[in-house]
Amino acid sequence: MQKSSTCSFMYGELTDKEMSEKVRQTFENYEMNSFEILMYKKNRMPVWFFMKIAPIRNEQDKVVLFLCTFSDITAFKQPIEDESSKGWGKFARLTRALTSSRGVLQQLAPAVHKGENVHKHSRLAEVLQLGSDILPQYKQETPKTPPHIILHYCLFKTTWDWVILILTFYTAIMVPYNVSFKTKQNNVTWLVVDSIVDVIFLVDIVLNFHTTFVGPAGEVISDPKLIRMNYVKTWFVIDLLSCLPYDVINAFENVDEGISSLFSSLKVVRLLRLGRVARKLDHYIEYGAAVLVLLVCVFGLAAHWLACIWYSIGYYEVIDENTNTVRMDSWLYLLGETVGMPYRFNASSSGIWEGGPSKDSAYITSLYFTMTSLTSIGFGNIAPNTDGEKIFAVAMMMIGCEKYINLNIENYSSPSSLVY
């Protein structure tokens, strides 16, 4: 019904305000209580209910749901008058109402003390009474699965998915940087780290072949054959391409630079893994701070990617291969002149252009330019001059404008939004 369990939509002008407040506080404080409260049907007919509320706790003593029962006690408050009871006395109408509602009498019967010789009620009737001594202990029954099958919602798999999510963000940051700045992983430390990441993604493939999934009807599929078929049809190819040891191949000196960049670019398919674990973030969308953190992360990732593209454009345009001259209007040439690391032509030995700003300085400058362009129109200290740079700058400004418009639309539709 998408309504509150307090049933406040059934309150009316004669509903006791103090009693309705007690009902609300019972839910908020996770308490067990019972009330007699007047409510109204859709046709505005008043009905008295004996309402019982009991919190159900799991094994960690956390309230996971509430068990509420409503007993119609209108007959005890005001005898019902209908066509068949016209002309009856008040006591006769009450007797008729009570005898026709034996279930009400059973639910309102006092608790049976030990040692009393009375008829024992059924277990269902006892549970409906919600006495403190017979409250059901909530415990989620774990589906029976084969020993080598992992439940997709167990603690281990949830923790593992978060580890994969963190490593996916790591890949989203490092892969564009390595491709754009043409860094070979000759550093042993980085090579070991990337190799460990590749092994973890490989282990994730093995685990996915033994992890349950939710079927079309909402059931948990634990059949090993069905699990393998489902994984092969969906994510297996992408996961396999993303875990190949491209960094080990790039470490060799005799590998062609184009092939090395291609192998590194293939690791970007790991970004598709974000769709598999992004649903876990839905639980935090309702928190304003979490939304802000996610927006900052997305903005930083987008600025990082655009910074890598901006550097690639400057790197390919700063040297004119046809005339073997340097373009003095390129932003990389101007940066080199500014930081005191200009480009110079080595005519004595190799006959190529050398020098230029360091990769760290170029990346920081690129990130600064993309962030200023996404949040505003730039400050002019780093400006696009070549045709390629201007086209990219226009596209980046359009992206920043679109994000600004979307955020303002969300603000307009939701005045309580924390995003401005």
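Use the structure listed above.
Going along each chain's sequence as written, the residues are numbered from 1 onward. Only residues with pLDDT of at least 70 get local features here, since the model is predicted, and only at 80 or more are side-chain atom pairs given and counted; chain-wide, interface and lining totals rely on the full set of residues. For side-chain calculations, the full set of non-hydrogen atoms in the structure is used, while hydrogens and water are omitted.

S.K.: Could you give me a rundown of the packing of aromatic side chains, with the residues and numbers involved?
M.R.: Pairing of aromatic rings covers Phe, Tyr and Trp, the last counted by its six-membered ring, and requires centre-to-centre distances within 6.5 Å; plane angles under 30 degrees mean stacked, over 60 mean edge-to-face, and any other angle means tilted. Across all of its chains, the model carries 16 aromatic pairs by this definition. Here phenylalanine 181 and tyrosine 311 contribute two aromatic rings whose centre-to-centre distance is 4.0 Å and whose plane-to-plane angle is 10°, an arrangement assigned as stacked. Here phenylalanine 181 is found in the loop between α6 (155-180) and α7 (188-208), whereas its partner tyrosine 311 is found in helix α13 (residues 288-317), with 130 residues between them in sequence. A relative accessible area of 2% means that phenylalanine 181 is categorised as buried. Each residue gets one of three labels from its accessible area relative to the maximum for its type: buried under 20%, exposed over 50%, partly exposed in between, using a 1.4 Å probe on protein chains only. Residue classification places tyrosine 311 among the buried residues on the basis of a relative accessible area of 8%. A ring pair is formed by phenylalanine 209 and tyrosine 231, whose centres lie 4.9 Å apart and whose planes are at 85°; its orientation type is edge-to-face. Taken as a pair, phenylalanine 209 in the loop between α7 and β4 (213-214) and tyrosine 231 in helix α8 (residues 224-234) lie far apart in primary sequence, 22 residues in all. Through a chain of ring-to-ring contacts, the aromatic side chains of Tyr177, Phe181, Tyr311, Tyr315, Tyr316 and Tyr363 assemble into a single cluster. Whether a charge lies above a ring is judged from NZ of Lys or CZ of Arg, which has to be within 6 Å of the ring centre and within 35 degrees of the ring normal. A cation sits over an aromatic face here: arginine 44 above tyrosine 40, 4.8 Å from the ring centre. The helix count covers DSSP runs of H or I at least four residues long, the strand count covers runs of E at least two residues long, and both are numbered beginning at the N terminus.

S.K.: So what's going on with the sheet that holds strand β2 (residues 46-57)? Which residues, and what values?
M.R.: In space, the three strands of this open sheet follow the order β1-β2-β3, with antiparallel pairing throughout. Bordering the open sheet on either side are β1 (33-40) and β3 (63-72), each of which pairs with just one other strand. Between one strand axis and the next, the sheet turns by 30° as a mean value, whatever way the strands run. In this analysis, strands are considered paired if DSSP registers two or more bridges between them. As judged from the eight bridges shared by β1 and β2, these two strands associate in the antiparallel manner. Bridge assignment links leucine 38 to a residue of β2, and that residue is tryptophan 48. Pairs of residues are marked as contacts when any of their non-hydrogen atoms sit within 4.5 Å. Only the stretch in contact is used when a helix axis is fitted, and all axes are lines through C-alpha atoms; the angle between N-to-C directions ranges over 0 to 180 degrees. Running over the sheet, helix α1 (residues 17-28) touches β1, β2 and β3 and is turned about 130° from β1.

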